[in-house]
Amino acid sequence: MNNQCDVILTYCWNRVGYIILRTLTEKGLKVWAADTSKRNICTMSKCCAGSFVYPDPFTEEEAFIGVLKEKIAELKPKVLMPTHDESVVIMRHRDELPEDLIIPYEGEEMLLNLANKAWTADLAGKVGVPIPEVYASADEVKQYPVVYKTVIGNSAKGVFYPKSKEEILALQKQHKDEETLLQEWIGGTDYSVDCVRWDGFWKSSVYHALVTKTDGGGTTTQREMVSAPELERYAKMLLDAVDYHGVCGLDFRYDPDAGKIAFIEVNARFTGGLATPVAAGFNIPWAVYKLATEGHYDEPCDVRIGTKTKWILGDVIAIVGRVVKLKFNKAELKQVMKFRGFDAFDDYRKDDKRAILGEMSYYLGKLLKNGKLNP
């Protein structure tokens, strides 16, 4: 078996890992994919130099780290690149991994703080970034719907939109053992600022959602690059405040009718819409790799405004979810059915058709096991 390996990617079952895998492979690197699953979009891609399976990092932490240490010793990669929240577990055990192994992520404490929606909302307010009004209790709510969410969560998990005081109280009872946040609802559209900040280097870009997988916002399935310098400025203000190093995504809501902009949360990792800035000319994974290994990134990264990308399987999941809940409309259905006019697809390339089959296989397995299409 060919054990040549420059980079190990973890949490590789989804399209984000696939975009990183492709972009780094196209630069001549040998990239191995690691995940809890054997068959997924990355392991079935022609770009994958090799793969291995590890135990669940969130339920079998020690076993996960044990397998990772063994494979690092065997493959001797230059870089270990987490792609999602497993980064927290990895950085918790940073001292157990080789000192010369490059892991381009902040420490555990920083990652945990930035993952906490209440902590980041407080920070944003202090540095002058606009945030939704925060309510201390249901009695303070002025207008419905509002947003009720657990302070830890991703992909719209743990986010609810109660339309009455009674609904808020029911949610508070349901989540009485969790830290939660009650905020003003901001209309409009989801915007994501994707950033790379590293020792004086700063580059950011903005896309907005055309379609989201879940009703009300969250994971995007169709996106478009836009010019939004004010949002980029707010993102830099917040990350400068903590002297952040690495890749990061900040979510905002923008309601042009009300003239409101509000910071929502930080994702201290690669974002779900990574395909969009990459297709637009901002090669985020390569920039992170070069900055982490060489300390500089000198290649052009001019973003093409108007670039559009589509997550094919995500659109299918979105429309199925809407139909089940009877919340779809003709305009959204028409948008989901579009395939022309996109500059790239998150999960499909003509020269790598097996990859999307791996993605479908993974999601089908999760559906059969858990009855859910939101792993």
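Just above sits the structure.
Residues numbered from 1 in each chain as written. Predicted model: local features only at pLDDT ≥ 70, side-chain atom pairs only at ≥ 80, totals over all residues. Heavy atoms only, no water.

Trainee: Residues and numbers for the sheet that holds strand S6 (residues 159–160), please.
Mentor: The three strands are arranged S6-S5-S7 in an open sheet whose pairing can be described as antiparallel. In the strand order of this sheet, the two ends are held by S6 and strand S7 (180–184), each with one partner. Sheet topology note: the strand S5 (residues 146–150)/S6 ladder contains two bridges and is antiparallel. Each bridged residue has a counterpart across the sheet, and for Tyr148 the counterpart in S6 is Phe160. (Pairing = 2+ DSSP bridges. Helix = DSSP H or I, 4+ residues; strand = E, 2+ residues; numbered from the N terminus.)

Trainee: I'd like a description of the packing of helix H4 (residues 108–115) against helix H5 (residues 117–127), backed by residues and values.
Mentor: Their axes nearest at 5 Å, the elements H4 and H5 cross at an angle of 85 degrees. In terms of their interaxial angle, H4 and H5 are classed as roughly perpendicular. Each of Asn113, Leu114 and Ala115 in H4 lies in contact with H5, whose residues at this interface are Lys117, Trp119 and Thr120. Here the residues of the contact of H4 with H5 are counted per class, giving three nonpolar, two polar and one charged. (Axes fitted to C-alpha atoms, helices over the stretch in contact; angles between N-to-C directions. Parallel < 35°, antiparallel > 145°, perpendicular 65-115°, else oblique. Contact = heavy atoms within 4.5 Å. Nonpolar A, V, L, I, M, F, W, Y, C, P; charged D, E, K, R; others polar.)

Trainee: An account of the pattern of salt bridges is requested, with residue identities and associated values reported.
Mentor: Scanning the entire structure with this criterion turns up 23 salt bridges. Of the charged contacts in the structure, one is a salt bridge between Lys126 and Asp122, with a shortest N-O distance of 3.1 Å. Taken together, the residues Lys126 and Asp122, both in helix H5 and four residues apart, mark about one turn of the helix. What makes Lys126 exposed here is its relative accessible area of 64%. (Salt bridge = Lys/Arg side-chain N within 4 Å of Asp/Glu carboxyl O. Buried < 20%, exposed > 50% of the residue type's maximum accessible area, 1.4 Å probe, protein only.)

Trainee: Can you break down helix H2 (residues 61–75) residue by residue, with the values?
Mentor: Taking 1.5 Å of rise per residue, 15 residues should cover 21 Å, and H2 covers 21 Å from first to last C-alpha, within 8% of that figure. All of the buried residues along H2 are Phe64, Ile65, Leu68, Lys71, Ile72 and Leu75. In an axial view of H2, the angular spread of the buried residues amounts to 130 degrees, which keeps them on one side of the axis. H2 presents Glu62 and Glu70 as exposed residues on the side facing more than 90 degrees away from its buried surface. Packing partners of the buried residues in H2 comprise strand S1 (7–10), strand S2 (31–35), strand S3 (50–53), strand S4 (79–81) and helix H3 (86–92). Backbone geometry just downstream of H2 places Lys76 in the positive-phi region, at approximately 55 degrees. (Expected span 1.5 Å × (residues − 1). Arc of directions from axis to C-beta.)

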